[in-house]
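Coordinate analysis (summary)
What follows is the residue order along each chain.
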Amino acid sequence: MERTDPADVEGLEELGSLQGLLEHRVRLAICVLLSEHDAMSFSRLKQVLEETDGSLGTHLRKLEDSGYLAVEKSFRDRRPVTWYELTETGRSNLRRHVANLARLIGRVG
Amino acid sequence: MTDTDSIKDDIAYVRAVAERTGPGHVPAIYVLWAVICLCGFPLVDLVGPGSGLIGIYWLTAGPVGGLVTWWLAARAGVRDGQADRRTGKRWAGHFVGFFGVGLLGCLLAATGELSWSGLSSLWILLLALTYFLAGLHLDRRLMPVSLILAAGYLFTLYLPEYRFTTAGVLVAVALVVQGIRGTRERHGTD
């Protein structure tokens, strides 16, 4: 059994004070993608993340319910398209989370 | 795996995912500008460098081409499910900047500081720089086109005949080739 380094513990406590929501890598990836691009559709996110409809939908719902994402529905060729955008809350929390991750990684090498 | 390793693994995953969504590629935009250059550059050889027709052509084709480019990019964004309005503004900034500087450059010819033929060559050189910077900051596929434009600039100075026509043909071919290459690369990654 591997032992956790004390530096890891200290850093993880720091991360623990942040949003647990972004601890899941798929949710973190969704937020990072939406910070790079203004908006992405459900299909595009599914294609890029290679997730199933159900799994992706669950992650997106969690982020939406926490106010990280704004959702807009439209139609293209009579088919519904759901667009996701990062809200200001999502953007600032992502920024803090990434900064803390970078600090933690930097500390433990 | 320790917790830190797990975090590093997650970051590697996020990075890999982010790399899958590079700049969008719209081959129609490359073809559009290939056609605009193919018609516009030879005008200098056909009607003479000082002709007002050249100004009319570029003052019309430039902005109209820009608007059509915007429309094509927006349409592709909707089709692909990825909207990049901020990136679109950066693209527009690059080429509006080029157009503005080019217009200011016309004063050099209007005041007699530069010949009209020299101004036409200067526009190609400015375009080469704009493509180079766009290749550096926005889409690396434009980098080879910038090199061809730089070669085209030299042709406009040193070729004995059909100087601008040669430059126009080369740039048009370079744009079409990069448009096709981009499409192939994209199909390879999708």
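See the structure shown above.
Worth saying up front: this structure is predicted, and the values here are computed from it rather than measured.

A short note on the overall build of chain A
Helix and strand counts for chain A come out as five helices and three strands. The order of helices and strands in chain A, counted from the N terminus, is α-α-β-α-α-β-β-α. Residue burial in chain A is summarised as follows: out of 109 residues, 43% are buried. For chain A, the share of sequence-separated contacts (at least 6 apart) that also reach a separation of at least 24 residues comes to 58%. Approximately 6,200 Å² of chain A is accessible, and the part contributed by carbon and sulfur atoms is 47%.

What to know about the pairing of strand β3 (residues 79-86) of chain A
All names here are of chain A. Bridge count between strand β1 (residues 39-41) and β3: two bridges; the pairing is antiparallel. Counted as the bridge partner of Ser41 is Trp83 from β3. Strand direction decides the pairing type here: strand β2 (residues 69-76) and β3, joined by eight bridges, are antiparallel. The residue bridging Lys73 from the neighbouring strand is Thr82, located in β3.

Remarks on the interface of chain B and chain A
Residue-level contacts link 27 residues of chain B with 36 residues of chain A. Both sides together, the interface formed by chain B and chain A hides about 2,700 Å², and carbon and sulfur atoms give 53% of it. Area buried by chain B at its contact with chain A is led by Ile7, Tyr13 and Arg86 of chain B, which between them contribute 20% of it. One can count four salt bridges joining chain B with chain A. Inspection of the chain B/chain A interface yields 11 residue pairs in polar contact (both at pLDDT 80 or more). Those elements giving two or more residues to the side of chain B that touches chain A turn out to be α1 (3-19), α3 (52-80), β1 (82-83) and α4 (85-110) of chain B. When residues in the side of chain B that touches chain A are grouped by element, the largest group, 11 residues, is from α1 of chain B. Per-class residue counts for the side of chain B that touches chain A are nine nonpolar, seven polar and 11 charged. Here β1 of chain A runs beside β1 of chain B; their pairing, made up of two bridges, is antiparallel.

So, the sheet that holds β1 of chain B
Strand order in the open sheet formed by four strands is β2(A)-β3(A)-β1(A)-β1(B), with antiparallel pairing between adjacent strands. Each edge of the open sheet carries a strand with a single partner, namely β2 of chain A together with β1 of chain B.

Thoughts on helix α6 (residues 142-158) of chain B
Residue and element names in this part refer to chain B. Here α6 spans 24 Å end to end across 17 residues, near enough to the 24 Å set by a 1.5 Å rise per residue. Buried within α6 we find Leu142, Val145, Ser146, Leu149, Gly152 and Thr156. Seen end-on, α6 carries its buried residues on one side only, within an arc spanning 110°. In this structure, α6 carries Leu147 and Tyr158 as exposed residues pointing more than 90 degrees from its buried face.

About the cut-offs
Residues numbered from 1 in each chain as written. Chains lettered and ligands numbered in written order. Predicted model: local features only at pLDDT ≥ 70, side-chain atom pairs only at ≥ 80, totals over all residues. Heavy atoms only, no water. Helix = DSSP H or I, 4+ residues; strand = E, 2+ residues; numbered from the N terminus. Buried < 20%, exposed > 50% of the residue type's maximum accessible area, 1.4 Å probe, protein only. Contact = heavy atoms within 4.5 Å. Areas by Shrake-Rupley, 256 points an atom, 1.4 Å probe, with all protein chains shown as cover. Pairing = 2+ DSSP bridges. Buried area = accessible area lost by both parts, 1.4 Å probe. Salt bridge = Lys/Arg side-chain N within 4 Å of Asp/Glu carboxyl O. Polar contact = N/O pair within 3.5 Å; in protein donor to acceptor, adjacent residues only side chain to side chain. Nonpolar A, V, L, I, M, F, W, Y, C, P; charged D, E, K, R; others polar. Expected span 1.5 Å × (residues − 1). Arc of directions from axis to C-beta.

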